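# Architecture and fold: a report
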Amino acid sequence: MTELLGLSFARPLWLLVLPPAVILLVLLYQRGWRQSGWEQLLPASLRPWLLQQHPGGSHALRFVLLGLTWTLAILALASPVMDSTNQPRRLPDSAVVMVLDVSRNMLSDDLAPDRLQRAKHKIRTLMQDYPDSQLGLVAFAGSAHRVSPLSRDRNTLRSLLTALDPEIMPIDGQNLDQAMVLARQMLSGHPQSTSQILLLTSGLDSPEREVLASHARELGAQLAILGIGTASGAPVPLPEGGFMRDSEGRILLPRLNGQQLAAVARQHGSRYHGITVGNRDLDYLLQPLRTTTDAEVSDRHLPLDQGHWLVLLLLPLAALGARRGWLGVLLIAALLPPPAQALSWADLWQRPDQQAMQLLEQQQPAAAAERFSDPAWHAWALYQAGDYEQAATAWAALAATEPDNAEHHFNRGTAQAMAGDYQPALESYEQALTRDPRHTAARHNRGIIEALLEQLRQQQQEDASTEGDAASSGEQPRTTGSQTAGNGNGNGNGKEPTPAASTSAQGSKADATPGSTTPATGGAASGDLNNGQASPSMGSGPQREEGGSTSPRGPQQQNNNAALEQRQALQQWLREIPDDPAELLRRKFLYQHLQQQEPPR
């Protein structure tokens, strides 16, 4: 931004057009635009008698209006700016980790429809009102789990939030300490002034309040508590019918101890507010974060482009000029199209990525891959199109750009496995596990590839031993003077060549199914496999003798059939994996809970 004569311009280079415009205006005036045009038709001796001379008058006014129009147009293109005094509501550099209580107490229906649904609605409101902030989610009951890392991906967070329910938690209860530790770890790389932890709970018992007090003492204003429920409480319905009871058989009425939570927050400089129908609760709880952000923004004074107002001044001038058509000619000359380019009707309204997404939804992945400019979606479209080698190459480029992203290595390994490159796929899965040891999909796919490679090695050893037994017993296939098909060693002994491991591996390319991936916030294993691929090759096929019989290859054929059946069974198992976020979260939480219970080695 450049200041000139007290004014600031967002695009000051347009001001360089002013001197050439002034020179052009003077030249046009000197070349006789004040004359009517008859001067070129009449002889010079008759002009003084037949033509009426104008000392300037309206002709000079035309050039004044033309100069004023050019000046306003150039100033509008230079975009004069003014500092904004409005404080923005958005928090572009902020990070908020929401810690959601998913215990059975959240199923109490003292708030319609129940406490958990009201808490989810409040989180959705936060996602909608603060789209530029990074949001993360931690769910806790008897154990705590990270549902979503800090990101701006609202679609994934919304999908996972819907799936949260006490039924998917490994154990009931309230392990607040573990949840707060996870939340603080997620905010470890963010400054305290622009990060906050929002705890949504239906109440805490005495031990958990002490845990809350210890964390509030360290977090201070960085902690905000939103109470979900009422002081009167309501019974908690059970899935099998009836209501939740205590050890003495009495119906439990979980009550929100809001005063005690508010006392803990007030003692350590944190904030507490009960849930409300509007946004008053969130506005109060996020006030420290928004105040800090607004203070930083107020020092920068966000500039606002005011050039569009000058266009309104051009309208009456354009109306005057359009009467004789000369201004229209200038506008047409200024709006001449650029050099010819291949442009379709869809290019006028949609970006290439939007067009490619539509093609992908229309089951045209090959065409979508040509249109995608986003590298992750380009790789995914290639994978969907069955071009696994190019997809692996695309994900390799992404892995080179972001070497610490385990999902890129996992996606590359899956594409390599689908292309039949099992050893490179194994290395890619190792790279993914090195960067994320808890990547269960990579660990699962690595086990499948290792089992397949081991089976191929055993098959090769069995084939070699079979041929060795045949050679030791002196059995040889009958041949004529010419060699049978596939026996190209030229020694005339009639032995079949030992099939190489690469041949068997190539025969299994189309049916290896370690999983598939999606390019959203990271790949996730799924069962979307291609069923229309050719069946694997069985080597060079049975070798026919001259008399019409075939050479004995029974053991190899049986081994290949067994491998094919195993791969087909694996495909069927992967296809049966349900695309259910709740089930995936339930298994993930259970796996993490069991890992936490294991004693350290």
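Definitions and cut-offs
- Residues numbered from 1 in each chain as written.
- Predicted model: local features only at pLDDT ≥ 70, side-chain atom pairs only at ≥ 80, totals over all residues.
- Heavy atoms only, no water.
- Pairing = 2+ DSSP bridges.
- Helix = DSSP H or I, 4+ residues; strand = E, 2+ residues; numbered from the N terminus.
- Axes fitted to C-alpha atoms, helices over the stretch in contact; angles between N-to-C directions.
- Core = buried A, V, L, I, M, F, W, Y, C linked by side-chain atoms within 4.5 Å.
- Buried < 20%, exposed > 50% of the residue type's maximum accessible area, 1.4 Å probe, protein only.
- Phe/Tyr/Trp six-rings, centres within 6.5 Å; stacked < 30°, edge-to-face > 60°.
- Parallel < 35°, antiparallel > 145°, perpendicular 65-115°, else oblique.
- Left-handed = near helix turned anticlockwise from the far one by under 90°.
- Contact = heavy atoms within 4.5 Å.
- Nonpolar A, V, L, I, M, F, W, Y, C, P; charged D, E, K, R; others polar.
- Salt bridge = Lys/Arg side-chain N within 4 Å of Asp/Glu carboxyl O.

Here we have six strands laid out as an open sheet, ordered S6-S5-S4-S7-S8-S9, and mixed in their pairing. In this open sheet, the two strands that pair with only one neighbour each are strand S6 (144–151) and strand S9 (271–274). Sheet twist, expressed as the average angle between the axes of neighbouring strands with direction ignored, equals 15°. Bridge count between strand S8 (residues 223–227) and S9: four bridges; the pairing is parallel.

Bringing the nonpolar core into the picture now. Counting residues in each nonpolar core, the largest one holds 39 residues, and the members touching the most others are Met98, Leu100, Leu137, Leu164, Leu198 and Leu200. Listing elements by their share of this core, those giving two or more residues are strand S4 (95–101), helix H4 (115–129), strand S5 (134–140), helix H5 (154–163), strand S7 (195–201), S8, helix H9 (280–285) and helix H22 (581–597). Of all the elements, H4 adds the most residues to this core, at five residues. Val138, Ala144, Met186 and Leu223 belong to the second-largest nonpolar core, a separate cluster that totals 28 residues.

Another point: the packing of aromatic side chains. For the structure shown, the criterion picks out five aromatic pairs. With 5.7 Å between their ring centres and 15° between their planes, Trp380 and Tyr383 make a pair best called stacked. With Trp380 and Tyr383 both in helix H15 (residues 375–384) and three residues apart, the pair spans about one turn of that helix. For the residue pair Trp380 and Tyr383, the accessibility class agrees, reading buried in each case. Their ring planes at 65° and their centres at 5.3 Å tell us that Tyr383 and Tyr388 sit as a pair that is edge-to-face.

The interhelical angle for the contact between H15 and helix H16 (residues 388–401), taken along N-to-C directions, is 160°, at an axis separation of 8 Å. Relative to H16, the element H15 is oriented roughly antiparallel. In terms of crossing hand, the pair formed by H15 and H16 is left-handed. In this structure, H15 contributes Pro375, Ala376, His378, Ala379, Trp380, Leu382 and Tyr383 to the contact, and H16 contributes Tyr388, Gln390, Ala391, Ala394, Trp395 and Leu398. Taken together, the residues of the contact of H15 with H16 sort by class into eleven nonpolar, two polar and no charged.

The subject of this paragraph is the pairing of S6. Across five bridges, S5 lies against S6 in antiparallel orientation. When the bridges of S6 are listed, Val138 appears paired with Arg146. A loop of three residues connects S5 with S6, the two strands running antiparallel in sequence.

Summed over the entire model, instances satisfying the criterion amount to ten salt bridges. We note a salt bridge from Arg446 to Glu450, for which the minimum N-O separation is 4.0 Å. With Arg446 and Glu450 both in helix H19 (residues 440–472) and four residues apart, this pair spans about one turn of that helix. Linked by salt bridges that have partners in common, Glu430, Arg446 and Glu450 make up one network.

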